[in-house]
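Summary of the model geometry
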Amino acid sequence: MRKFLFYVIRNGNLTGIAVSILLLIGFFIITASLCLLKNQNIRIIGASVGLAIMAMGGYGSRAKTLGLKPFDNSYKKAKDSYEKEDAK
């Protein structure tokens, strides 16, 4: 499991491979749902799911470009600092 996460998350960001895979999977889900399905309601649900997956990949790439680390453990340091202030 840990080796798998190395290919998905590195330094608090999604890797380029993970972003590319999310974008491709989302694109194929949208295309398949719009071209292959007959029921209108299921087409809309499939396209929405594909769009959400593509959005995750897009936001991951933007976070990497801006230098943000959404999967970082820095919140633990902040939580510890608040507990130290409350103890005083």
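The paragraphs below set out a description of the structure included in this document. (Residues numbered from 1 in each chain as written. Predicted model: local features only at pLDDT ≥ 70, side-chain atom pairs only at ≥ 80, totals over all residues. Heavy atoms only, no water.)

Per the counting criterion, the structure on display carries 1 aromatic pair. Centroid distance Phe27 to Phe28: 5.7 Å. Interplanar angle 65°. Geometry classified as edge-to-face. Judged by relative accessible area, Phe27 falls into the partly exposed class, the value being 43%. Assessed through its relative accessible area of 53%, Phe28 is described here as exposed. (Phe/Tyr/Trp six-rings, centres within 6.5 Å; stacked < 30°, edge-to-face > 60°. Buried < 20%, exposed > 50% of the residue type's maximum accessible area, 1.4 Å probe, protein only.)

Turning to its location among the elements, Thr15 is positioned in the loop between strand S2 (13-14) and helix H2 (16-36). Excluding anything up to four places from it in sequence, Thr15 contacts Phe6, Tyr7, Val8, Ile9, Arg10 and Lys64. (Helix = DSSP H or I, 4+ residues; strand = E, 2+ residues; numbered from the N terminus. Contact = heavy atoms within 4.5 Å.)

Bringing the environment of Ile53 into the picture now. Mapped onto the secondary structure, Ile53 falls in helix H3 (residues 40-66). We classify Ile53 as buried; its relative accessible area is 16%. The residues touching Ile53, leaving out its near neighbours within four places in the chain, are Leu22, Ile25, Gly26 and Ile29.

Position of Arg10 among the secondary structure elements: in strand S1 (residues 9-10). By relative accessible area, Arg10 is classed as partly exposed at 39%. Considered as a pair, Arg10 and Asp72 are 62 residues apart in the sequence and their alpha carbons are 9.5 Å apart.

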